[in-house]
Amino acid sequence: MRSRKKTFGGSWTAEKLACVRDYLIGFNLALRNQSFERVYIDAFAGTGYVELRQEDKHRQYSFLEVTESEAEAEAFLKGSALQALEVDPPFHRFIFIEKSPRRAKELQQLQASHPHRRIETLKGDANVRLTGLCSERWQGRRAVCFLDPFGMAVSWDTLEVIAETHSIDVWYLFPLMGVTRLLRNDGDIGAPLRKRLTKLFGANDWEDHFYSTFTQGSLFGDDVELIQKTAGVKRIRAYFLERLRTLFPAVARNPKLLCNARGTPLFLLFFAASNPSPKAKRLALRIAENVLGSS
Ligand SMILES: C[S@@+](CC[C@H](N)C(=O)[O-])C[C@H]1O[C@@H](n2cnc3c(N)ncnc32)[C@H](O)[C@@H]1O
């Protein structure tokens, strides 16, 4: 029997949430006896629960298909914001950023069920809000920020301001499938989409990494220059790791590949830490690379 399909979610949702949650636990345990204020920032926070709503169908993301039984399992999953609130030892402060007013309202309601947690919900665009937050004084504070956008919503400038704090660790669910789809086989990518890719990667040399040109003799005896797409998961992963290393002093070497139920690669889960102290880098990488496992 063929199962019906639903959008948004899948076992990759549980995998990404488990990685981030396990890091939060390790992070808080490691810093519990230090004087830092520990902050959790969820920049695309959702509602606190994993949602499976049809209205979330995003044209670009209609490939996020899961079977009905998987979707039902996901329906009971706590989302990143709620999982972070329940981490023990707890964070001192929680900052939830959400663009949708309805979801932001649901996030605000988490305060009532978690009266002992200090929660701030910021409505608006994550890039704008994070830029504001990162311009604050970060001395004496350590944070973990989760970037879990629907698509290519995180701009490179935002990663830059996060890295400049020297205090914030980042988990970034990178839209691998979204990028793969934009990288057309014939290399004929229109100017607006080129701009989007450059904004995502923070550099315009992605084309050199993802395409190669070669010449071939035509039927008429002259040489024609052809373009060939060389970008696959491995190349995109390697290029983005290289890009992250230009900003962050510590980047986990083993980002996690997340696939849908049919084994189609959807996302890469990256980790980077902005604190340049050797001790902090070692600690962050030890925990992050351990939770990312061997993928
Ligand atoms: C994939 S969901 C996040 C799921 C969440 N991490 C969880 O575990 O439940 C992405 C969320 O980001 C929100 N969003 C989309 N674009 C945004 C933006 N530019 N700034 C802030 N939030 C945005 C959406 O409304 C949605 O709730």
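All values derive from a computational prediction rather than experimental measurement.

Draft legend 1. Inspection of the overall build of the protein chain at higher detail. From N to C terminus, the protein chain includes 12 helices and 12 strands. Buried positions account for 51% of the 295 residues belonging to the protein chain. Residue pairs in contact within the protein chain that sit at least 24 positions apart in sequence constitute 76% of those at least 6 positions apart. Just so you have it, the protein chain exposes about 14,400 Å², and 51% of that area is on carbon and sulfur atoms.

Draft legend 2. Representation of the pairing of strand S2 (residues 37-42) in the model. Most of S2 is tucked away, with five of its six residues classed as buried. In the sheet, S2 pairs with strand S4 (residues 93-98) via four bridges, with the strands oriented parallel. Opposite Val39, over in S4, you have Arg93 as the bridge partner.

Draft legend 3. Geometry of the side chain of His114. Within the element layout of this structure, His114 appears in the loop between helix H5 (110-113) and strand S5 (119-123). For His114, a relative accessible area of 14% corresponds to the buried category. Ignoring any residue separated from it by four or fewer positions in sequence, one finds His114 in contact with Leu82, Leu85 and Glu86.

Draft legend 4. Spotlight on the confidence of the model for the protein chain. With 87% of its residues at a pLDDT of at least 70, the protein chain reaches an overall mean of 90. pLDDT under 50 marks residues 1-9. Its contacts with residues more than four places away, or in other chains, come to 26 contacts. In this model residues 53-63 is a low-confidence stretch, pLDDT under 50, and it forms 27 contacts with partners more than four residues away in sequence or in other chains.

Draft legend 5. Quick peek at the pattern of salt bridges. Tallied over the entire structure, the rule returns 10 salt bridges. Lys16 is paired through a salt bridge with Asp148; the nearest N and O atoms lie 2.8 Å apart. Here Lys16, found in helix H1 (residues 11-31), pairs with Asp148, found in the loop between strand S6 (141-147) and helix H7 (156-164); they are 132 residues apart in sequence, far enough to count as distant. With respect to class, Lys16 is no different from Asp148; both count as buried.

Draft legend 6. Just the packing of aromatic side chains, in detail. By the definition in use, this model includes 22 aromatic pairs. When the ring of Trp156 is compared with that of Phe240, the centres are 6.0 Å apart and the planes differ by 80°; the resulting orientation is edge-to-face. With Trp156 in helix H7 and Phe240 in helix H11 (residues 233-245), the pair connects residues that are 84 residues apart, well separated along the chain. Each member of the pair Trp156 and Phe240 is classed as buried. Here Tyr172 and Phe240 contribute two aromatic rings whose centre-to-centre distance is 5.8 Å and whose plane-to-plane angle is 70°, an arrangement assigned as edge-to-face. With Tyr172 in strand S7 (residues 168-174) and Phe240 in helix H11, this pair connects stretches of sequence that are 68 residues apart. In terms of burial, Tyr172 and Phe240 fall into one category: buried. One Lys or Arg, Arg141, reaches over the ring of Trp138 and ends 4.1 Å from the middle of that ring.

Draft legend 7. Just the site of the ligand, in detail. In the vicinity of the ligand lie 17 residues, with Ser80, Glu98, Arg103, Asp125 and Asp148 positioned nearest. Between a nitrogen atom of the ligand and a main-chain N or O atom of Lys99, the distance comes to 3.2 Å. Contact between the ligand and Asp125: a nitrogen atom at 2.7 Å from a side-chain N or O atom of the residue. Relative to its unbound accessible surface of 600 Å², the ligand loses 93% to contact with the protein. Residues of the shell around the ligand, tallied by class, amount to seven nonpolar, five polar and five charged.

Parameters at a glance
- Residues numbered from 1 in each chain as written.
- Predicted model: local features only at pLDDT ≥ 70, side-chain atom pairs only at ≥ 80, totals over all residues.
- Heavy atoms only, no water.
- Helix = DSSP H or I, 4+ residues; strand = E, 2+ residues; numbered from the N terminus.
- Buried < 20%, exposed > 50% of the residue type's maximum accessible area, 1.4 Å probe, protein only.
- Contact = heavy atoms within 4.5 Å.
- Areas by Shrake-Rupley, 256 points an atom, 1.4 Å probe, with all protein chains shown as cover.
- Pairing = 2+ DSSP bridges.
- pLDDT = per-residue confidence, 0-100.
- Salt bridge = Lys/Arg side-chain N within 4 Å of Asp/Glu carboxyl O.
- Phe/Tyr/Trp six-rings, centres within 6.5 Å; stacked < 30°, edge-to-face > 60°.
- Lys NZ or Arg CZ within 6 Å of the ring centre and 35° of its normal.
- Near = heavy atom within 4 Å.
- Polar contact = N/O pair within 3.5 Å; in protein donor to acceptor, adjacent residues only side chain to side chain.
- Nonpolar A, V, L, I, M, F, W, Y, C, P; charged D, E, K, R; others polar.

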